[in-house]
Amino acid sequence: MSASFQDLVSLMARLRSTEGCPWDREQTYRTLAPMLLEEAYETCEAVEDALEGRPEELRDELGDLLFQIVFYAQIAHERGEFAIDDVTGAVHTKMVRRHPHIFGDRVARDSAEVRRNWDEIKVAEKRDASADRSAPTSLLDDVSKKTPALMEARQLSAKAAGVGFDWQHLEDILAKLYEEVGELRVAVQEAGARSDGDEPDALRVRDEVGDLLFVITNIARHLKVDPEAALKATNRKFRRRFSYIEQKFAALDKEISQATLDEMEALWQEAKRQDK
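Residues numbered from 1 in each chain as written. Predicted model: local features only at pLDDT ≥ 70, side-chain atom pairs only at ≥ 80, totals over all residues. Heavy atoms only, no water.

Novice: Which residues make up the overall build of the protein chain, and what are the values?
Specialist: Scanning the protein chain for helices and strands turns up twelve helices and zero strands. Computed over the C-alpha atoms, the radius of gyration of the protein chain is 25 Å, more than 25% above the 19 Å expected from 2.2 N^0.38 for a compact globule of 276 residues. Taking the principal axes of its C-alpha atoms as reference, the protein chain extends roughly 60 × 55 × 45 Å. The proportion of buried residues among the 276 residues of the protein chain is 24%. In the protein chain, the proportion of contacts linking residues at least 24 apart, taken out of those at least 6 apart, comes to 53%. Taken as a whole, the protein chain presents about 18800 Å² of accessible surface, with 56% of it coming from carbon and sulfur. Separation of charge centres in the protein chain, based on 40 positive and 55 negative side chains, amounts to 3 Å. (Helix = DSSP H or I, 4+ residues; strand = E, 2+ residues; numbered from the N terminus. Rg over C-alpha atoms; globule rule 2.2 N^0.38 Å. Buried < 20%, exposed > 50% of the residue type's maximum accessible area, 1.4 Å probe, protein only. Contact = heavy atoms within 4.5 Å. Areas by Shrake-Rupley, 256 points an atom, 1.4 Å probe, with all protein chains shown as cover. Lys, Arg positive; Asp, Glu negative; His and termini not counted. Charge placed at Lys NZ, Arg CZ, Asp CG, Glu CD.)

Written as structure tokens, this is what we have:
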């Protein structure tokens, strides 16, 4: 069945009406938030499905995500705050404003210049919108503190890189990686040498692990690899290979918990060969 965007908006209004669905009527900004996040993650997962030849998975997840946006807009309309047309109008205006090389007189010779222009415009927007014009505005303010840590790290480093605060060469970041591995090793050794389980030592280990992850995120950015997508792909690979091990032991009527590490490793290597 074919349906337009307006059909979806009308459907949502009906679901929220007094003659509509009791569950839909009960939802609020707060109750929808976990579902919005879940749908966003499922959409990202569906991107991998599309790349593997199943684009219908991405189509369906994009629809679910769009439904959440329409749901929020309907609640906002009922609260007298804004409507879906205000949502589309605001983003349309913003995209025109942030592409002055297309709709204005600014020149952008490559994507790096487009990115710099974009960041400059966003900072100016935040400054103009601030009630206290004297309040400091940071380029990093636009990166949400509520995003997953890996995503936040990539966005923070990309923002800083946009104004030149970045390693110039991949080899420089790799050197930093080795440095951070060394610092983590020292922190772990020193924490293990203490018998009192001192909390500051545990915090130091945590901080060194964080530093290591941050550097790895920067390596991914320099290689133009999305670290979130890369880790997701590795997670999918781990699931597939571990399931292979489970299936092999199940075929032998043997519990995996009874297997030795050597037996599991041998089957892991079999799964790796099959992947290749």
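Novice: Give a detailed account of the side chain of Asn-117, specifying residues and quantitative values.
Specialist: Positionally, Asn-117 belongs in helix 7 (residues 111–129). Asn-117 gets classed as buried once you look at its relative accessible area, which sits at 9%. For Asn-117, the side chain forms a polar contact with the side chain of Arg-106, separated by 3.2 Å. What Asn-117 contacts, discounting residues up to four positions off in sequence, is Arg-106, Val-107 and Ala-108. (Polar contact = N/O pair within 3.5 Å; in protein donor to acceptor, adjacent residues only side chain to side chain.)

Novice: Residues and numbers for the packing of aromatic side chains, please.
Specialist: Under the definition given, this model contains four aromatic pairs. Arranged with centres 5.4 Å apart and planes meeting at 50°, the rings of Phe-238 and Trp-268 form a pair that is tilted. You can see Phe-238 sitting in helix 11 (residues 227–251) and its partner Trp-268 sitting in helix 12 (residues 261–275), a full 30 residues away along the chain. What makes Phe-238 partly exposed here is its relative accessible area of 47%. Through a chain of ring-to-ring contacts, the aromatic side chains of Phe-238, Phe-242 and Trp-268 assemble into a single cluster. If you follow Arg-98 out to its NZ or CZ, it ends over the ring of Trp-118, 5.0 Å from the centre. (Phe/Tyr/Trp six-rings, centres within 6.5 Å; stacked < 30°, edge-to-face > 60°. Lys NZ or Arg CZ within 6 Å of the ring centre and 35° of its normal.)

Novice: Can you break down helix 4 (residues 55–78) residue by residue, with the values?
Specialist: Taking 1.5 Å of rise per residue, 24 residues should cover 34 Å, and helix 4 covers 35 Å from first to last C-alpha, within 8% of that figure. Three or more residues of helix 4 are buried, namely Glu-61, Gln-68, Val-70, Phe-71, Tyr-72, Ala-73, Gln-74, Ile-75 and Ala-76. Where helix 4 terminates, the next one or two residues include Gly-80, which has phi positive at roughly 75°. (Expected span 1.5 Å × (residues − 1).)

Novice: Give a detailed account of the nonpolar core, specifying residues and quantitative values.
Specialist: If you look at the biggest cluster of nonpolar residues, it comprises ten residues: Leu-8, Val-9, Met-12, Leu-32, Val-70, Phe-71, Tyr-72, Ala-73, Ile-75 and Ile-84. At the level of secondary structure, the elements contributing two or more residues to this core comprise helix 1 (5–16) and helix 4. Broken down by element, this core gets its largest block of residues, five residues, from helix 4. Beyond its immediate stretch of four places on either side in the chain, Tyr-72 contacts Tyr-29, Leu-32, Ala-33 and Leu-36. (Core = buried A, V, L, I, M, F, W, Y, C linked by side-chain atoms within 4.5 Å.)

Novice: Got a sec to walk through the packing of helix 8 (residues 149–162) against helix 11? Specific residues and values, please.
Specialist: Interhelical geometry of helix 8 versus helix 11 gives an angle of 145° and a closest axis separation of 9 Å. Residues Leu-150, Met-151 and Arg-154 of helix 8 form the contact with helix 11, whose participating residues are Pro-227, Glu-228 and Leu-231. (Axes fitted to C-alpha atoms, helices over the stretch in contact; angles between N-to-C directions.)

Novice: Which residues make up the pattern of salt bridges, and what values do they have?
Specialist: Per the counting criterion, the structure on display carries 23 salt bridges. Residue Arg-106 pairs with Glu-120 through a salt bridge whose shortest N-O separation is 3.5 Å. Remark: Glu-120 occurs in helix 7 and Arg-106 occurs in the loop between helix 6 (100–103) and helix 7; sequence separation between them is 14 residues. Notably, a salt bridge pairs Arg-154 with Asp-226, separated by 3.7 Å at the nearest N-O pair. In this pair, Arg-154 sits in helix 8 while Asp-226 sits in the loop between helix 10 (199–222) and helix 11, placing the two residues 72 residues apart along the sequence. (Salt bridge = Lys/Arg side-chain N within 4 Å of Asp/Glu carboxyl O.)

Novice: Describe the side chain of Arg-16, listing the residues and the values that go with them.
Specialist: Here Arg-16 lies in helix 1. A distance of 2.5 Å separates the side chain of Arg-16 from the side chain of Glu-78, its partner in a polar contact. The residues touching Arg-16, leaving out its near neighbours within four places in the chain, are Asp-24, Arg-25, Glu-26, Gln-27, Phe-71, Gln-74, Ile-75 and Glu-78.

Function cannot be read off these values alone, since they describe shape.
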